[in-house]
Amino acid sequence: MNVLDKIERKTRWLAIPNLMFLLSGMMLATYLLQFALPEENIYSYLYLNWDLIRAGEVWRVLSFLILPPMSSPIFILFSLYFYCLIGNGLERQWGTSRLTLFYLTGVVFAIIGSLFTGYATNEYLNLCLFFAFAALFPKFEILVFFVLPIEVRFLALLDAVYFVYALIVSPWPERIAILLSVFNILIFFWNDIYRTIKLRSSTWKTRRNFKKNMR
């Protein structure tokens with residue numbers, strides 16, 4: 001049993017069933033509330049701001065997690081549907097406790113990143129959920145905007161390009177936030193990455209030796 005398994009066993013009491021359904025529902029409620037009351041600017045009460053937290057608005061440490069994507073209504077609905085889809089897939093594959101641990105670890109890293117950036121976003125956290133889903137189900141097909149079928153591994157490549165681009169053009173504080181979110185992926189998939197590298201290295205050596213012997 002590795003360290004991650006031991007941590008998971010000790011934190012099972014934190015497990016939240018249907019976590020992504022719950023978060024997506026809260027994001028949808030936030031969006032609908034903002035739509036119904038545009039003059040109230042609901043979002044402004046939820047984003048993470050350390051000055052306001054120190055002033056007593058402590059809910060902001062976590063409330064940024066229920067901010068919906070800043071986009072058109074159609075894209076928001078698609079994103080929330082997608083969060084539910086990948087959350088359900090990860091929960092069935094990993095179990096409730098590991099998915100909850102993965103998400104909470106990402107939350108901790110996002111908050112740590114906010115100490116450098118001054119703010120926190122759930123964008124990279126949710127993208128890391130998608131990377132995890134793509135790693136486990138690379139050939140799973142989804143309907144982009146409910147119309148175009150595409151395998152998630154190709155979407156994951158696009159997201160990887162976005163991460164690299166963001167690392168290049170962003171200032172260092174935001175780069176730190178991005179790297180911390182990626183670090184969460186490495187923690188949970190290090191054994192798989194190591195086995196893949198070891199297998200490919202062994203395959204490459206076998207081919208090289210075979211070619212040598214054939215000369």
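Scroll up to find the structure.
Note that the structure is predicted; figures quoted are calculated from it, not measured.

1. Quick word on the overall build of the chain
Part 1: Secondary structure assignment for the chain yields nine helices and two strands.
Part 2: Across the 215 residues in the chain, those meeting the buried criterion constitute 40%.
Part 3: In the form shown here, the chain has an accessible surface area of approximately 13,200 Å², with 67% of it arising from carbon and sulfur atoms.

2. Observations regarding the packing of helix H6 (residues 96-117) against helix H7 (residues 123-136)
Part 1: Packing of H6 against H7 leaves a shortest axis separation of 10 Å and a crossing angle of 145 degrees. H7 is crossed by H6, and the crossing has right-handed handedness. Of H7, the residues touching H6 (which contributes Leu99, Phe102, Tyr103, Gly106 and Val107) are Leu125, Asn126, Cys128, Leu129 and Ala132.
Part 2: Split by residue class, the contact of H6 with H7 holds eight nonpolar, two polar and no charged.

3. Let's talk about the nonpolar core
Part 1: Counting residues in hydrophobic clusters, the biggest one holds 52 residues, and the most contacted among them are Phe64, Phe102, Tyr103 and Leu129.
Part 2: Put simply, the parts of the chain that give this core at least two residues each are helix H2 (19-36), helix H5 (73-94), H6, H7, strand E1 (141-144), helix H8 (152-169) and helix H9 (172-214).
Part 3: For Phe64, the contacting residues outside a window of four places in its chain are Leu46, Tyr47, Leu48, Ala110, Ile111, Ala120, Thr121 and Asn122.

4. Structural notes on a nonpolar patch on the surface
Part 1: Taken together, the side chains of Tyr162, Val164, Tyr165, Ile168 and Val169 make up a nonpolar region of the molecular surface, amounting to roughly 500 Å² of accessible area.
Part 2: Residue position: Val164 is located in helix H8.

5. Topic: unusual backbone geometry
Part 1: We note that Asn18 has phi near 55 degrees; this positive angle belongs to a residue other than glycine.
Part 2: Assignment of secondary structure puts Asn18 in the loop between helix H1 (3-10) and H2.

6. Thoughts on empty space enclosed by the protein
Part 1: Per the stated rule, a full pass over the model turns up one cavity of 30 Å³ or more.
Part 2: Looking at the largest cavity, its volume works out to about 150 Å³.
Part 3: What lines the largest cavity is a set of 15 residues, and nearest its centre among them are Ala110, Thr121, Tyr124, Ala177 and Ser181.
Part 4: When contributions to the lining of the largest cavity are tallied by element, the ones reaching two or more residues are H6, H7 and H9.
Part 5: It is H9 that contributes the most residues to the lining of the largest cavity, five residues altogether.
Part 6: Residue classes in the lining of the largest cavity are distributed as nine nonpolar, five polar and one charged.

7. A word on the packing of aromatic side chains
Part 1: Counting across every chain of the model gives 13 aromatic pairs.
Part 2: Judged by centre distance (5.5 Å) and plane angle (65 degrees), the rings of Phe109 and Phe183 are edge-to-face. With Phe109 in helix H6 and Phe183 in helix H9, this pair connects stretches of sequence that are 74 residues apart.
Part 3: When its relative accessible area of 14% is taken as the criterion, Phe109 is described as buried.
Part 4: Looking at Phe183, the relative accessible area reads 42%, which means it is partly exposed.
Part 5: Every member of this aromatic cluster is reached through a ring pair, and the members are Phe78, Phe82, Tyr124, Phe130, Phe131, Tyr162 and Phe163.
Part 6: In this structure, Arg60 is placed above the aromatic ring of Tyr47, and the distance from its NZ or CZ to the ring centre is 5.0 Å.

8. Brief notes about the layout of surface pockets
Part 1: One number sums up the size of the largest pocket: a volume of about 710 Å³.
Part 2: Lining of the largest pocket is provided by 26 residues; of these, Pro69, Phe75, Ser79, Tyr83 and Leu127 occupy positions nearest its centre.
Part 3: Broken down by secondary-structure element, the contributors of at least two residues to the lining of the largest pocket are H5, H7, E1 and H8.
Part 4: If one sorts the elements of the lining of the largest pocket by residue count, H5 sits on top with five residues.
Part 5: Residues belonging to the lining of the largest pocket are distributed by class as follows: 20 nonpolar, four polar and two charged.

Definitions and cut-offs
Residues numbered from 1 in each chain as written. Predicted model: local features only at pLDDT ≥ 70, side-chain atom pairs only at ≥ 80, totals over all residues. Heavy atoms only, no water. Helix = DSSP H or I, 4+ residues; strand = E, 2+ residues; numbered from the N terminus. Buried < 20%, exposed > 50% of the residue type's maximum accessible area, 1.4 Å probe, protein only. Areas by Shrake-Rupley, 256 points an atom, 1.4 Å probe, with all protein chains shown as cover. Axes fitted to C-alpha atoms, helices over the stretch in contact; angles between N-to-C directions. Left-handed = near helix turned anticlockwise from the far one by under 90°. Contact = heavy atoms within 4.5 Å. Nonpolar A, V, L, I, M, F, W, Y, C, P; charged D, E, K, R; others polar. Core = buried A, V, L, I, M, F, W, Y, C linked by side-chain atoms within 4.5 Å. Patch = residues over 30% accessible without salt bridge, like charges linked within 9 Å, V, L, I, M, F, W, Y side chains within 5 Å. Salt bridge = Lys/Arg side-chain N within 4 Å of Asp/Glu carboxyl O. 1 Å grid on protein atoms, 1.4 Å probe; cavity = no way out; pocket = protein on both sides within 12 Å on 5 of 7 lines; lining within 4 Å. Points joined across faces, edges and corners; volume = space filled by probe spheres on them. Phe/Tyr/Trp six-rings, centres within 6.5 Å; stacked < 30°, edge-to-face > 60°. Lys NZ or Arg CZ within 6 Å of the ring centre and 35° of its normal.

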